[in-house]
Amino acid sequence: MKVSPNSPTAEVLRPVTLNSWWHDGVLNLSGLTGQLGAKSAKDFSWKGFQAQASKTGKLSTEGSWNEEARLKGHVQVKDGKIQRRWQIQGTRELPQFVEEKARR
């Protein structure tokens, strides 16, 4: 999957991916897997989504939105020693990512 710099997906993924994964403004994701679930267009979920983002980088996410369009879930990136995780909040139209502090 290629995420072009002008796509709405780029706007959502840029804050939760590493700058080194973007080449000429494009994010290449390979080996994308996961499950989608929907009771209706207003009740949607995704589970076990993973993709390779570089030779050593991996992006994963799980989450959902409810009938009020409220989001919940998480996004995680790993690349070598780098590990970052965000909680997904907000709404479908205005997602928000809150980075979790590293645990020691």
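Just above sits the structure.
In what follows, the accompanying structure is described. From a predicted model like this one, the values you see are computed outputs, not experimental measurements. (Residues numbered from 1 in each chain as written. Predicted model: local features only at pLDDT ≥ 70, side-chain atom pairs only at ≥ 80, totals over all residues. Heavy atoms only, no water.)

### Overview of the sheet that holds strand β9 (residues 95-99)
Phase 1 of the analysis: Read across the sheet, six strands follow the order β4-β5-β6-β7-β8-β9 without closing on themselves; strand pairing throughout is antiparallel. With one partner strand each, in any of the chains shown, β4 (30-40) and β9 form the two edges of the open sheet. Within this sheet the neighbouring strands show an average axis-to-axis angle of 15°, counted without direction.
Phase 2 of the analysis: In this sheet, strand β8 (residues 82-90) lies alongside strand β7 (residues 71-79) in antiparallel orientation, the contact comprising seven bridges. What sits directly across from Gly-73, in β8, is Ile-88. (Pairing = 2+ DSSP bridges. Helix = DSSP H or I, 4+ residues; strand = E, 2+ residues; numbered from the N terminus. Axes fitted to C-alpha atoms, helices over the stretch in contact; angles between N-to-C directions.)

### Here we look at the pairing of β7
Phase 1 of the analysis: Counting buried residues along β7, seven of its nine residues qualify, which places the element largely inside the surrounding structure.
Phase 2 of the analysis: Relative to β7, strand β6 (residues 57-65) runs antiparallel, the two being bridged by nine bridges. Note on β7: the bridge partner recorded for Ser-64 is Lys-72.
Phase 3 of the analysis: Counting the residues that bridge the hairpin from β6 to β7 gives five residues, and of these Ala-69 lies at a positive phi of roughly 70°. (Buried < 20%, exposed > 50% of the residue type's maximum accessible area, 1.4 Å probe, protein only.)

### Regarding the side chain of Thr-61
Phase 1 of the analysis: Following the sequence through the fold, Thr-61 ends up in strand β6.
Phase 2 of the analysis: Of the polar contacts made by the side chain of Thr-61, one reaches the side chain of Trp-46; its length is 3.1 Å.
Phase 3 of the analysis: Reaching out from Thr-61, the side chain makes a polar contact with the backbone oxygen of His-74 at a distance of 2.8 Å.
Phase 4 of the analysis: Not counting the four nearest positions on each side in its chain, Thr-61 is found in contact with Trp-46, Lys-47, Gly-48, Phe-49, His-74, Val-75 and Ile-88. (Polar contact = N/O pair within 3.5 Å; in protein donor to acceptor, adjacent residues only side chain to side chain. Contact = heavy atoms within 4.5 Å.)

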